[in-house]
Amino acid sequence: PEVCFWAMNNQKPLVNRKKSSEGKEERRELLDAFYPKYFVQYCNEQRYGTHAAIDDLYDALAALWTASRIASGQGKRLPEQPQKDACGLAMEINY
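One structure accompanies this document, and this report is about it.

Basis of the calculations
Residue positions within a chain follow its written sequence, with the count starting from 1. In keeping with the predicted nature of the model, local features appear solely for residues at pLDDT of at least 70, side-chain atom pairs appear and are counted solely at 80 or more, and the whole-chain, interface and lining totals rest on all residues. Each side-chain value is derived from all of the structure's non-hydrogen atoms; neither hydrogens nor water enter the calculation. Ring pairs are drawn from Phe, Tyr and Trp, using the six-membered ring of Trp, whenever the two centres fall within 6.5 Å, and their geometry is named by plane angle: stacked under 30 degrees, edge-to-face over 60, tilted for the rest. Accessibility here uses a 1.4 Å probe with only protein chains present; expressed as a share of the type maximum, an area under 20% marks a residue as buried, one over 50% as exposed, and anything in between as partly exposed. Two conditions define a charge located above a ring, namely a distance within 6 Å from the ring centre to NZ of Lys or CZ of Arg, and an angle within 35 degrees of the ring normal.

### Let's talk about the packing of aromatic side chains
Turning to step 1, where the next piece is worked out: Per the counting criterion, the structure on display carries four aromatic pairs.
Turning to step 2, where the next piece is worked out: Plain terms: the ring middles of Tyr35 and Phe39 are 4.9 Å apart, the flat faces sit at 35 degrees to each other, and that makes the pair tilted.
Turning to step 3, where the next piece is worked out: The class for Phe39 is partly exposed, based on a relative accessible area of 27%.
Turning to step 4, where the next piece is worked out: Ring pairs connect the aromatic residues Phe34, Tyr35, Phe39 and Trp65, which therefore count as one cluster.
Turning to step 5, where the next piece is worked out: Cation over ring: Arg27 sits above Phe5, and NZ or CZ is 5.7 Å from the ring centre.
Turning to step 6, where the next piece is worked out: When the ring centre of Tyr48 is taken as origin, the NZ or CZ atom of Arg47, which lies over that ring, is 5.1 Å away.

This is the structure in structure tokens:
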């Protein structure tokens, strides 16, 4: 998820830790810029009673952001030319 937030932030590292109040706000603002108005707030309201932490929700929404980019052909990966592991799987991070 941190690579996703880095990409959402114009490929600049986020300043604050995700568990800090500033880090949560930083990530929420990035997600709010991508999703329809009130979507992140709605997801947060649905989280109550589930024992899921807010940073877990934000990480899941970052993964959904990545899936949307891949589905629309806009996904990218690190590194651009990944090596393969012993099973032939690409060692890469998608965003």
